[in-house]
Amino acid sequence: MTEVILEDRSRDMCPICKTDKYLSPNMNFLINPECYHKMCESCVDRIFSLGPAPCPYPGCGKILRKNRFKQQVFDDLQIEREIDIRKKVLSVHNKLQEDFDLISEHNKYLEMIENLVYGISSGDNAHDLEIELAKFEQENKVQILERNMRESERSNDMAKFQDAMERLRQEKLKIERKMELEDEEFTKQQKQELLNKLAHSSLNSDELIQQQMNQALKRKSQRKKILQELQSEMEDKLRTSFSSAKEEAPKTPFTPFKGDRDLHKLYRLLPIPMDIDTLMAGNSDPDSYSDANLTLLAKNKEYLAAGWRLHTAVERVMDETFMGLGCIVDKEKSISIH
Amino acid sequence: MTEAETDTENVPQSKYTKDKKVGEGTYAVVYLGVQKHTKRKIAIKEIKTGLFKDGLDMSALREVKYLQELRHPNVIELVDVFGTSNNLNLVLEFLPCDLEVLIKSKDIMFLAADIKSWLLMTFRGLHHCHRMSILHRDLKPNNLLLAPDGQLKIADFGLARGLGNLNEDLSSNVVTRWYRAPELLFGAKHYTAAIDIWSVGIIFAELMLRIPYLPGKDDVDQLDVTFKALGTPTEQIWPNVSNLPLYNSLRVYPPPSRQELRNRFIAATDKALDLMISMTQLDPSRRCNTSQALLHEYFTELPSPTDPKNLPKNKPNEPTVESNGNTTKRRKVE
């Protein structure tokens, strides 16, 4: 029991200055990848501020530098050490898959890296391997640097692109929010105006309301247009500045209908009044379809509410009338589907 | 050639084998089988007769009637129909999976491109139906089947209906509740193809959320849930709505702002949201149609839709009929 407590305490205590985490909760432990002996921050400051100095652990004596000290991430120092070694090895052997013609060669390369990391960390001939690595670095300095540059450029590009996207989104949100606020203000103002007019004007109330609604509608469509323009403008900007970001074109052009669309109708549709008002007025165009029954249906409010429209109805009837005309059965049969 | 052989060739049921029963509903039993001369796998739907005093079930007739007219890569294929002594058999293309299964299996990840691909195929199939003036009237993930090659196929035309006379009454009691358009909830009898668009819109939302978008507990609750999500319709946004039979005073919810929708569909792009909004317009005359949807920029913006071959698939847990003993070893992919 006491042992456990002791171990616990020693874990929270700097072995150099014996400061306890219990008494100074702000203390941090640092390690140096030369020997992985931990000590507290203030000790590092005290001992290594004046330049390289030997490790204060009894029997260690490795020369350490202050700038190499770092915070310990993993509890297990073995793991911490392996990660440091891996980082070092990867900074030297930094080829990517695209540098190889064959995937098998790339796999071999990865295997070699793993072996190297294991060799250095397990320690049998670690020293030799390290020297070898340093030699390799010396000899291939230029290529390594080149590859590093390329990598950093790429991640830079990506970061920049994401940054720009985020900024664009923010900008759009801001504009939209502003517009929403303005809209609110506008409707409020309009309501007030309407009330005033209703109180003072000689026109009847329906007309006034109609007027007001028209105004609002106009404004809304204008708004929409502006918003759309803004958006396309921004997207254009983004596209031109990052034209390299999307070079990949689809191999086959995208066809939304895959040919299943009647683009060349065999008939020409006469003008059909789209809105109810003209229908209600009853002055039927001599150049349009006149069917008393249909017009009756088109005025039915229940039909209208369910989405029934004269235009679509007539179009369907015409489609069905002409369906199959110009289709030669023998020819169709000879073309297999799928 | 012996007499017996020629004899079997003329009998339609001998062209197919019925191997295994895979499902049973109120009106039909479904068997798996093989078309003998092509070795193609098929499903045979055997319609139960004698349950109804009028003879055959309506939905079977509908299915035969409309599937015969439709032939499209994204609509289930009716291979053959034959009658045996006392029942009717529909021979359909065999489709092992459906979209509902995929939505529910939590270990499958959907990419934005996958959702786009499924939606695109749904629209292509639906466009074909609407072009032939056939309304499906029961679109839901469960009825969107998936072929082994990834193609999505619209199935179950048991509720489908051709648009007949212009003034004909249509039943408003169609479509599974969660996917039912507001005009149907209001009891409209002269609805249009827009009801199918609504269903697809809700399916689109479900694909993104991975849970049902508007799960009403009953028909009244469905109205409440729908309007809570999309706002209560008023005469301004939906002219003449108050003339619909079941329209009455409702709880008024404000329409959702774009920001609210954006928060709900966090992964959706602006274009995706635009398309969904135009599919779930309360006023059916404002809803987009299949052509407009297919031409929507959502389908042309990046990412481009996944090739059907590469879409996520359900990994069958139990061995299906095809794997005759040899289990496929999973290989580690580098």
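Computed from a predicted model, the values in this text were never measured in an experiment. (Residues numbered from 1 in each chain as written. Chains lettered and ligands numbered in written order. Predicted model: local features only at pLDDT ≥ 70, side-chain atom pairs only at ≥ 80, totals over all residues. Heavy atoms only, no water.)

What to know about the overall build of chain B
Here comes step 1: On a plain count of helices and strands, chain B comes out with ten helices and ten strands.
Here comes step 2: The long-range fraction of contacts in chain B, counting pairs at least 24 apart against all pairs at least 6 apart in sequence, stands at 63%. (Helix = DSSP H or I, 4+ residues; strand = E, 2+ residues; numbered from the N terminus. Contact = heavy atoms within 4.5 Å.)

Description of the overall build of chain A
Here comes step 1: On a plain count of helices and strands, chain A comes out with twelve helices and five strands.
Here comes step 2: Counting contacts in chain A only where the partners sit at least 6 residues apart, residues at least 24 apart contribute 51% of the total.
Here comes step 3: Total accessible area on chain A is roughly 25500 Å²; 54% of this is exposed by carbon and sulfur atoms. (Areas by Shrake-Rupley, 256 points an atom, 1.4 Å probe, with all protein chains shown as cover.)

Considering the confidence of the model for chain A
Residues and elements named next belong to chain A.
Here comes step 1: In the predicted model, chain A carries a mean pLDDT of 81, and the fraction of residues at 70 or more is 88%.
Here comes step 2: Least confident of the elements in chain A is helix α1 (residues 2-11), whose mean pLDDT is 60; most confident is helix α2 (residues 41-48), at 89.
Here comes step 3: Here residues 244-249 is a poorly scored stretch, pLDDT under 50, and it has three contacts once near neighbours within four places are set aside; other chains count. (pLDDT = per-residue confidence, 0-100.)

Topic: unusual backbone geometry
All names here are of chain B.
Here comes step 1: In the segment running from Leu 302 into Pro 303, the intervening peptide bond is cis, with an omega of -5°.
Here comes step 2: We note that Lys 39 has phi near 60°; this positive angle belongs to a residue other than glycine.
Here comes step 3: Taking the relative accessible area as the measure of exposure, Lys 39 reaches 66% and is therefore exposed. (Buried < 20%, exposed > 50% of the residue type's maximum accessible area, 1.4 Å probe, protein only.)

Overview of the pattern of salt bridges
All names here are of chain A.
Here comes step 1: By the definition in use, this model includes 38 salt bridges over all chains.
Here comes step 2: Here Asp 99 ties to Arg 150 by a salt bridge, and the two come within 3.3 Å at their closest N and O atoms. With Asp 99 in the loop between α3 (77-92) and α4 (103-122) and Arg 150 in helix α6 (residues 141-200), the pair connects residues that are 51 residues apart, well separated along the chain.
Here comes step 3: Note on Asp 99: relative accessible area 31%, which makes it partly exposed. (Salt bridge = Lys/Arg side-chain N within 4 Å of Asp/Glu carboxyl O.)

Looking at the sheet that holds strand β8 (residues 144-146) of chain B
Residues and elements named next belong to chain B.
Here comes step 1: A sheet is described by the order of its strands in space; here three strands give the open sequence β6-β8-β9, paired in antiparallel fashion. One side of each edge strand has no neighbouring strand; the edge strands of this open sheet are β6 (97-98) and β9 (152-154).
Here comes step 2: Judged from the two bridges that link them, β6 and β8 form a sheet pairing that is antiparallel. Across the sheet, Asp 98 pairs through a bridge with Leu 145, a residue of β8.
Here comes step 3: With respect to the sheet, helix α4 (residues 112-131) is in contact with β8 and β9, its orientation differing from that of β9 by roughly 35°. (Pairing = 2+ DSSP bridges. Axes fitted to C-alpha atoms, helices over the stretch in contact; angles between N-to-C directions.)

Structural notes on the sheet that holds strand β4 (residues 78-83) of chain B
All names here are of chain B.
Here comes step 1: The antiparallel open sheet is built from five strands, whose spatial order is β1-β2-β3-β5-β4. In the strand order of this sheet, the two ends are held by β1 (16-24) and β4, each with one partner. Adjacent strand axes in the sheet meet at a mean angle of 25° when their direction is disregarded.
Here comes step 2: Relative to β4, helix α2 (residues 58-69) is tilted by about 135°, and along the sheet it contacts β3 (40-47), β4 and β5 (88-93).

Comments concerning the pairing of β5 of chain B
All names here are of chain B.
Here comes step 1: With six of six residues buried, β5 is to be regarded as a mostly interior element.
Here comes step 2: Where β3 lies against β5, six bridges are found, and the strand directions are antiparallel. Residue Ile 47 lies in a different strand from β5, and its bridge partner there is Leu 88.
Here comes step 3: Sheet topology note: the β4/β5 ladder contains five bridges and is antiparallel. The residue bridging Val 81 from the neighbouring strand is Leu 90, located in β5.
Here comes step 4: What sits between β4 and β5 in their antiparallel hairpin is a turn of four residues.

Quick word on the interface of chain A and chain B
Here comes step 1: In this complex, chain A contributes 34 residues to the contact, which on the side of chain B involves 43 residues.
Here comes step 2: When chain A packs against chain B, the two sides together hide about 3300 Å² of surface, and 57% of this comes from carbon and sulfur.
Here comes step 3: By the criterion of area lost to chain B, the three top residues of chain A are Phe 254, Asp 260 and Arg 316 of chain A, representing 18% of everything that side buries.
Here comes step 4: For the salt bridge of Lys 172 of chain A with Asp 270 of chain B, the shortest nitrogen-to-oxygen distance reads 2.9 Å.
Here comes step 5: Counting residues per element, the side of chain A that touches chain B draws most heavily on helix α10 (residues 301-305) of chain A, which supplies five residues.
Here comes step 6: Counted by class, the side of chain A that touches chain B contains 15 nonpolar, five polar and 14 charged residues. (Buried area = accessible area lost by both parts, 1.4 Å probe. Nonpolar A, V, L, I, M, F, W, Y, C, P; charged D, E, K, R; others polar.)

Here we look at the packing of α4 of chain B against helix α6 (residues 194-209) of chain B
Residues and elements named next belong to chain B.
Here comes step 1: One can describe the packing of α4 onto α6 by two numbers: an axis separation of 11 Å at closest approach and a directional angle of 170°. Judged on the interaxial angle alone, α6 and α4 are roughly antiparallel. Contacts from Ile 115, Trp 118, Leu 119, Thr 122, Phe 123, Leu 126 and His 130 in α4 reach Asp 196, Ile 197, Val 200, Phe 204, Leu 207 and Met 208 in α6.
Here comes step 2: Of the residues belonging to the contact of α4 with α6, the class tally is ten nonpolar, two polar and one charged. (Parallel < 35°, antiparallel > 145°, perpendicular 65-115°, else oblique.)

Digging into helix α9 (residues 292-299) of chain A
Each α-helix winds once per 3.6 residues, and so residues spaced three or four apart point in a common direction.
Residues and elements named next belong to chain A.
Here comes step 1: What α9 keeps buried is the set Leu 294, Leu 297 and Ala 298. Buried residues of α9, viewed axially, fall in a sector of 100°; they line one side. The exposed set on the far side of α9, more than 90 degrees from its buried face, consists of Ala 292, Asn 293 and Leu 296. (Arc of directions from axis to C-beta.)

So, the nonpolar core
Here comes step 1: Counting 89 residues, the largest nonpolar core has Trp 118, Phe 123, Phe 157, Phe 204 and Tyr 213 of chain B as its most contacted members.
Here comes step 2: If you count residues domain by domain, this core takes at least three from each of domain 1 (18-93) and domain 2 (97-310) of chain B.
Here comes step 3: Not counting residues within four places of it along the chain, the set of residues in contact with Phe 157 of chain B comprises Arg 62, Glu 63, Tyr 66, Leu 67, Leu 70, Val 75, Cys 129 and His 136 of chain B.
Here comes step 4: Within the second largest apolar cluster, 14 residues are counted, among which are Leu 30, Met 39, Val 44 and Phe 69 of chain A. (Core = buried A, V, L, I, M, F, W, Y, C linked by side-chain atoms within 4.5 Å. Domains from an automatic or database assignment.)

So, the side chain of Asn 89 of chain B
Residue and element names in this part refer to chain B.
Here comes step 1: Here Asn 89 is to be found in strand β5.
Here comes step 2: Here Thr 84 takes part through its side chain, which lies 3.5 Å from a polar atom of the side chain of Asn 89.
Here comes step 3: Excluding residues that lie within four positions of it along the chain, Asn 89 makes contacts with Lys 18, Ile 44, Lys 45, Glu 46, Asp 80, Val 81, Phe 82 and Thr 84. (Polar contact = N/O pair within 3.5 Å; in protein donor to acceptor, adjacent residues only side chain to side chain.)

Some words on the packing of aromatic side chains
Here comes step 1: In this structure the tally under the stated criterion is 13 aromatic pairs over all chains.
Here comes step 2: Centre to centre, the rings of Phe 48 of chain A and Phe 69 of chain A are 5.1 Å apart; their planes meet at 45°, and the pair counts as tilted. Separated by 21 residues along the polypeptide, Phe 48 of chain A in helix α2 and Phe 69 of chain A in the loop between β4 (63-64) and β5 (70-71) bring together distant segments of the chain. For the residue pair Phe 48 of chain A and Phe 69 of chain A, the accessibility class agrees, reading buried in each case.
Here comes step 3: Taking 5.2 Å as the distance between ring centres and 65° as the angle between the ring planes, the aromatic pair formed by Phe 186 of chain B and Tyr 247 of chain B counts as edge-to-face. With Phe 186 of chain B in the loop between α5 (182-185) and α6 and Tyr 247 of chain B in the loop between α7 (219-230) and α8 (258-264), this residue pair connects regions lying 61 residues apart in the sequence.
Here comes step 4: Under the relative-accessibility criterion, Phe 186 of chain B is labelled buried at 0%. (Phe/Tyr/Trp six-rings, centres within 6.5 Å; stacked < 30°, edge-to-face > 60°.)

Remarks on α6 of chain B
Here comes step 1: Compared with the 22 Å implied by 1.5 Å per residue over 16 residues, the 23 Å span of α6 of chain B between its first and last C-alpha is a close match.
Here comes step 2: When you tally the buried positions in α6 of chain B, you get 14 out of 16 residues, the bulk of the element. (Expected span 1.5 Å × (residues − 1).)

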